[in-house]
Amino acid sequence: MRGKAPLGTRILRDTLDWEALTGEEMIAAREKANRVASSRAARIITGFPDRRARIEATSIDLPGRRLTLRVHRPKDTGRKLPLVVSFHGGGFFAGTAAQNDWLNSRLAARCPAVVVSVEYRLAPEHPLPQPIDDGYDTVVRLVDDAAQWGIDPAAVAVMGESAGGTIAGLAALRAQVLIYPGTDWTASMTEYPSVTENADNPTLSVSRLRAARKVSVPPTLDPRSVSPVKFDNLAGLPPTLVVTAALDPLADQGSRYLERLREDGTDARLTCYPRATHTFLSTPGLVPAARPARREIVAFLRSHLHPVPRS
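Bear in mind that the values here come from a model prediction, so they are computed numbers and not experimental data. Positions within a chain are numbered from 1, following the residues in the order the chain's sequence is written. Only residues with pLDDT of at least 70 are given local features in this predicted model, and only at 80 or more are side-chain atom pairs given and counted; all residues enter the totals for whole chains, interfaces and linings. Side-chain numbers come from the whole structure's heavy atoms, not from hydrogens or water.

Right, let's get into the nonpolar core. Residues Leu69, Val85, Phe87, Phe93, Leu142 and Trp185 are the most contacted members of the largest nonpolar core, which totals 56 residues. Only DSSP runs of H or I with at least four residues qualify as helices, and only runs of E with at least two residues qualify as strands; both kinds are numbered from the N terminus onward. Among the elements that make up this core, the one with the highest residue count is helix 8 (residues 206–216) (five residues). Any two residues having at least one pair of non-hydrogen atoms within 4.5 Å are treated as being in contact. Setting aside chain neighbours within four positions, we find leucine 142 in contact with Ile60, Leu69, Leu83, Val85, Val116, Trp149 and Ile151. Within this scheme, the nonpolar core is defined by two criteria: the residues are buried Ala, Val, Leu, Ile, Met, Phe, Trp, Tyr or Cys, and they are joined through side-chain atoms within 4.5 Å. Under the scheme applied here, a residue whose accessible area is under 20% of the maximum for its type counts as buried, over 50% as exposed, and between as partly exposed, the area being computed with a 1.4 Å probe on protein chains only. With 34 residues, the next largest nonpolar core counts Trp102, Ala113, Tyr180 and Ala289 among its residues.

Here it is in structure tokens:
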């Protein structure tokens, strides 16, 4: 690897041969992992929610489907607030909104904002572009019903980690935060130097990365259409913060996307945390870098969602 991973991340080492799993086996493994990630015991690793925010599970009806939302709100405000729509990671076939409670509750309390995390549909049952459609359609519906949600429709940002970063990158509005994003779902996704150099990282195996593409990208879909780094033109996107982890196989996808954004005139910056692995913002109990990264994200979103008027 490009460095030494924090000691505690060894307990997260992914030893499954994901490429060898059947669809049913993958679903079973996902459900087991999500039960663990959503448990109270897992808070030691995934972090305890901010007590200044309340969390509510609700749902939203979209054409042909109903999605579960996890809504984080600050406890001490009754005014309209900015909206941050958050998308969890998991390679489009795993993950759950609850894994981001530590980060999302702190964004809600400290930005402040209404932070809505989306339980978008997952492969293999629902391959791309269905998860992306879920993300985009949810953002549109929330903005359309802004009064019902108590949000300011003129102050909306999107945020996503890993595969969720793909969704955020394709649904960007006023500002976007992409956390160790997957920006390339073409056959070249495993050809970046960081994939080879960080193949021994404990939190994202190359097998899982390949399996994610196998089950998420159907043969009928042009993978370039869901790979922001491959788009011909990225002009006109909102200010962007890209957060990467130096020990992550996806590190170079994030840095290359930043280069493309800047080439096309987007106000974008990147911070790479040197002793951090993939998923580190979902495991603050194991990776100390999660805290400065969280502070950076809060400051970035606050500056764009609560801008100080010029005198």
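For any two helices packed against each other, the geometry is given by the interaxial angle and the distance between the axes. Between the N-to-C directions of two axes lies an angle of 0 to 180 degrees, each axis being a line fitted to C-alpha atoms and, for a helix, fitted only over the stretch in contact. Helix 6 (residues 163–170) packs onto helix 4 (residues 130–144) with a crossing angle of 50° between their chain directions and a minimal axis gap of 9 Å. It follows from the interaxial angle that helix 4 and helix 6 lie oblique. Here helix 4 and helix 6 pass one another in a crossing that is right-handed. Here helix 4 contributes Pro131, Ile132, Gly135 and Tyr136 to the contact with helix 6, which in turn contributes Thr166, Ile167 and Leu170. Geometric relationships in this document are graded by angle, where less than 35 degrees denotes roughly parallel, more than 145 denotes roughly antiparallel, 65 to 115 denotes roughly perpendicular, and other angles denote oblique. In this scheme, a crossing is called left-handed if the near helix is turned counterclockwise away from the far one by less than a right angle; it is called right-handed if the turn is clockwise.

As a further point, take the pairing of strand 5 (residues 151–161). The two faces of a sheet get side chains in turn, since along a regular strand they alternate between them. The element strand 5 is extensively covered by neighbouring structure, given that eight of its 11 residues are classed as buried. Only strands that DSSP links by at least two bridges are regarded as paired with each other. Here six bridges tie strand 3 (residues 81–87) to strand 5, and the two strands are oriented parallel to one another. Pairing of valine 85 across the sheet is with valine 158, part of strand 5. Looking at chain direction, strand 5 and strand 6 (residues 175–179) are connected through five bridges and run parallel. Bridge pairing in strand 6 places alanine 157 opposite alanine 175.

This next bit is on the packing of aromatic side chains. A pair of aromatic rings is counted whenever rings of Phe, Tyr or Trp (Trp by its six-membered ring) have centres within 6.5 Å, and the orientation is called stacked for planes under 30 degrees apart, edge-to-face for over 60 and tilted otherwise. Overall, the coordinates contain five aromatic pairs when judged by the stated rule. Ring centres of phenylalanine 92 and tryptophan 185 lie 4.9 Å apart, and the angle between their planes is 50°; on these two criteria the pair is classed as tilted. Taken together, the positions of phenylalanine 92 in the loop between strand 3 and helix 3 (101–110) and tryptophan 185 in the loop between strand 6 and helix 7 (193–197) put the pair 93 residues apart, joining distant regions of the chain. Where tyrosine 273 meets phenylalanine 280, the ring centres are 5.8 Å apart and the plane angle is 50°; that geometry is what we call tilted. Neither residue differs from the other here; tyrosine 273 and phenylalanine 280 are each classed as buried. Among the aromatic residues, those joined into a cluster by ring pairs are Phe92, Tyr120 and Trp185. Note on criteria: charge over ring means Lys NZ or Arg CZ within 6 Å of the ring centre, with the direction from the centre no more than 35 degrees off the ring normal. Taking the ring centre of tryptophan 18 as reference, the NZ or CZ of arginine 208 above it sits at 4.6 Å.

Moving on, we come to empty space enclosed by the protein. The rule is simple: put a 1 Å grid over the protein atoms alone, call a set of points where a 1.4 Å probe fits but cannot get out a cavity, call an open set with protein on both sides within 12 Å along at least five of seven lines a pocket, and count a residue as lining if it has an atom within 4 Å of a point. Grid points are joined across faces, edges and corners, and a volume is the space filled by probe spheres set on the points. Under the definition given, this model contains one cavity of 30 Å³ or more. Space inside the largest cavity adds up to approximately 40 Å³. The wall of the largest cavity is formed by Ser86, Phe87, Asn100, Leu103, Met159, Gly160, Glu161 and Ile179. Put simply, the parts of the chain that give the lining of the largest cavity at least two residues each are strand 3 and strand 5. Under the scheme applied, nonpolar residues are Ala, Val, Leu, Ile, Met, Phe, Trp, Tyr, Cys and Pro; charged residues are Asp, Glu, Lys and Arg; polar residues are all the others, including Gly. For the lining of the largest cavity, the class distribution of residues is four nonpolar, three polar and one charged.

Let us look at unusual backbone geometry. Residue alanine 123 is joined to proline 124 through a cis peptide bond whose omega torsion reads 5°. Relative to the elements of secondary structure, proline 124 occurs in the loop between strand 4 (114–119) and helix 4. Along the chain, leucine 128 connects to proline 129 via a cis peptide bond; the corresponding omega equals 10°. Tracing the backbone shows proline 129 in the loop between strand 4 and helix 4. Residue tyrosine 180 is not a glycine yet carries a positive backbone phi of 30°. As for its position among the elements, tyrosine 180 is in the loop between strand 6 and helix 7. Relative accessible area serves as the criterion here: at 1%, tyrosine 180 is assigned to the buried category. You will see that threonine 279, though not glycine, has its phi angle at about 75°, which is positive. Mapped onto the fold, threonine 279 is located in the loop between strand 8 (268–273) and helix 10 (290–305). Here threonine 279 falls in the partly exposed class, since its relative accessible area comes to 23%.

This part takes up the side chain of arginine 30. Residue position: arginine 30 is located in helix 1 (residues 23–37). Side-chain atoms alone can form a polar contact between residues adjacent in sequence; in general such a contact is a pair of N or O atoms within 3.5 Å, and within protein one must be able to donate a hydrogen while the other accepts it. A polar side-chain atom of arginine 30 sits 2.9 Å from the main-chain carbonyl oxygen of alanine 123. At 2.8 Å, the side chain of arginine 30 forms a polar contact with the side chain of glutamate 125. Residues in contact with arginine 30, not counting those within four places in the same chain, are Phe93, Ala94, Leu122, Ala123, Pro124 and Glu125.

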